[in-house]
Each structure stands twice: as structure tokens, then as C-alpha cells.
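Analysis of the macromolecular model
So the chains spell out like this:
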Amino acid sequence: MEHDAQSHPIISLRDISFAYPGRPPVLKNLDFDLYPQERVGLVAPNGSGKTTLFHVIMGLLKPTGGAITLFGQPAEKEADFVAIRRRIGLLFQDADDQLFSPTVLEDVAFGPLNLGHSRDEAIAVARRALDRLGLSEFEDRITFRLSGGEKRLVSLATILAMEPEVLLLDEPTTGLDDRTRETLAGLIADLDLAYILISHNTRFLEQTTDMTYSMEDGHIKTDELLQFHEHVHAHPHGRIPHQHD
Ligand SMILES: Nc1ncnc2c1ncn2[C@@H]1O[C@H](COP(=O)(O)OP(=O)(O)OP(=O)(O)O)[C@@H](O)[C@H]1O
Ligand SMILES: [Mg+2]
């Protein structure tokens, strides 16, 4: 994608390394930039470090080396991440990490309340987010009794209710039936937000992202786009700005 001279990355990772205690490195010398309006897919085998990468970007895991810059600010200490975390919406791979309130409405209103909205405002924002995802009927449901697919959608509502500037979506289609997945693809594609989307579903990636990268040996292969986007990028120019006629 072409970037004008004024455009700075929203997320910038340089030479990032990360290892879980007592384990070999999961991320190794990883470089990556996400620019405004970019919609990037990430597909790589199980255990490649995709989820780990998202948690490093959010400051939930501290890299053992390298530099993270978020919205133009270096992010090193916990305080740096606290300041920007609300601007990044992370959809956890496991919905049970995301949802913790007794009812759906309380869960979705929790974020806006935390951002300082009054209770009435938070509920209005939460209802709008639920409505957007076709979940209006769900507001009084007991969160932990929802089905897997329902939890996935409510999780997404909790994120959208925070009005983030960028999304990190970790396998948003898990547990969704074909029709719900198609609806979700349209909804995500219509968002006016930059995002990184992890998925193993080729069709979903085609519908929602402009480019898709893989991960190998602890880093993102930004030098090559995956083949199934050949209708968009029929040549291996990767991120070098280029024109399509
Ligand atoms: N808390 C942890 N402690 C130790 N090792 C971990 C921990 N979490 C993940 N790992 C290991 O780190 C590696 C990367 O895991 P990660 O969850 O980031 O992969 P992933 O690409 O998201 O995989 P998947 O497609 O299955 O979700 C794996 O080998 C995994 O077993
Ligand atoms: Mg994962």
C-alpha cells in the first residue's frame, strides 16, 4: 500500500524478540509497521507466535529485545501502554479472556464506563455496539451461558464500544457458522479502521484484508504477500509502493 510522506505507522515494531520463561524464542528480530487505513491479514501455522505478537503489541508481554512505537510514541514501560491501550482494540483468541461481567450489556458497557462515560452514556454506547452486530436481543443474557459463536460476537461488541483507532483481531471467526461469518466479514470490511486480523480462513481474509502476510521463524515475512491475494497483487512487490492499472 502506498504511504504519503505525512503518514506515520500506527504500530511500529523493530527487531522485536520474545521468549516465554525457560522456552526458546517465539519472536525473533521481528519488524513490522501498520499504517493508517491498512487492513492486514496474518496467517501462519499453529504455534508460530501470532497471538504472542498481539500480546506484545498490547504490552501484556514484555519483549526481551527491540522497540515498539505506538501512535508515534515509544512504548516501553507499563505506563506507556496504559496510556495507549484504550486506543487499540484487542479481540482475544479466547472469548473467556474477554468477557467477565454477569450480563452482556454490562460487559459491553464496561469499557465505555471505564473511559469515563456516565452510566447512561455507557449503556447507550453499548446498545449501539450490540445493535451494529445484530445482538440487540442479547443484552440481558448471562454472558457465561452464551454459545461459543455468540461469545465471539459479544467480544467484538465490547471492543467496538471502546471506539478504538486500530484493531487486533485474533481469529474472529472461531465458532461462527457460515452465515454469521459472512455477515461479520461485511461488517469488519466496512469498518473505517486499520487492523491486523489473524485467521486461517482464506475466504474471510480475502473479504476483509488488502494484504496478507505469513510468519516464519519468529518474524513476519513482510517481503512477500500471500498468493491468494493475487487478484489484488499479482506480482511480488510486497510493500514497495506500486500502481495497478
Ligand atoms: N504462556 C505460555 N508459556 C509458555 N509457552 C507458551 C505460552 N503461550 C504460548 N506458548 C508457546 O509459544 C508458541 C507460540 O504460541 P502462540 O499462541 O503465540 O501461537 P499462535 O501462532 O497464536 O498459534 P495458534 O494458531 O494455535 O493460535 C507456542 O509454541 C506455544 O506453545
Ligand atoms: Mg493464536
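Our subject is the structure listed above.
First things first, this report covers the structure right here in the doc. (Residues numbered from 1 in each chain as written. Chains lettered and ligands numbered in written order. Predicted model: local features only at pLDDT ≥ 70, side-chain atom pairs only at ≥ 80, totals over all residues. Heavy atoms only, no water.)

The next subject is helix α1 (residues 50–57). One turn of an α-helix holds 3.6 residues; hence residues three or four places apart share an orientation. Extensive coverage of α1 is indicated by the burial of seven of its eight residues. All of the buried residues along α1 are K50, T52, L53, F54, H55, V56 and I57. The positive-phi residue at the C-terminal boundary of α1 is G59, with phi of around 80 degrees. (Buried < 20%, exposed > 50% of the residue type's maximum accessible area, 1.4 Å probe, protein only. Helix = DSSP H or I, 4+ residues; strand = E, 2+ residues; numbered from the N terminus.)

Turning next to the coordination of the magnesium ion (ligand 2). Donor atoms from the polypeptide that coordinate the magnesium ion (ligand 2) comprise T51 (OG1) and Q93 (OE1), at 2.0 to 2.2 Å from the metal. Placement of T51 in helix α1 and of Q93 in the loop between β6 (88–91) and α3 (104–114) is noted, with a sequence separation of 42 residues between them. Assessed through its relative accessible area of 22%, T51 is described here as partly exposed. On the basis of relative accessibility, which here comes to 38%, the residue Q93 falls in the partly exposed class. (Donors = N, O, S within 2.8 Å, 3.2 Å for Na, K, Ca; no water.)

In this section: the pattern of salt bridges. Per the stated rule, a full pass over the model turns up 13 salt bridges. Linking E150 and R141 is a salt bridge whose minimum nitrogen-to-oxygen distance equals 3.7 Å. Judged by its relative accessible area of 21%, E150 falls in the partly exposed class. The exposure class of R141 is partly exposed, given its relative accessible area of 34%. Across the pair R203 and E182 runs a salt bridge, and its minimum N-O distance is 2.8 Å. Here the residue R203 occupies a position in helix α7 (residues 202–208), and E182 occupies one in helix α6 (residues 178–190), the gap between them amounting to 21 residues. Assessed through its relative accessible area of 46%, R203 is described here as partly exposed. By relative accessible area, which is 33% here, E182 ends up partly exposed. (Salt bridge = Lys/Arg side-chain N within 4 Å of Asp/Glu carboxyl O.)

This paragraph deals with the pairing of strand β4 (residues 65–70). Alignment of strand β1 (residues 11–18) against β4, held across five bridges, turns out to be antiparallel. Following the sheet pairing, L13 is matched in β4 by I68. Sheet topology places β4 next to strand β5 (residues 73–74); two bridges connect them, and they run antiparallel. Residue pairing in the sheet places T69 in a bridge with P74 of β5. With antiparallel pairing between neighbouring strands as the criterion, β4 and β5 make up a hairpin whose turn holds two residues, including F71 at a positive phi of roughly 50 degrees. (Pairing = 2+ DSSP bridges.)

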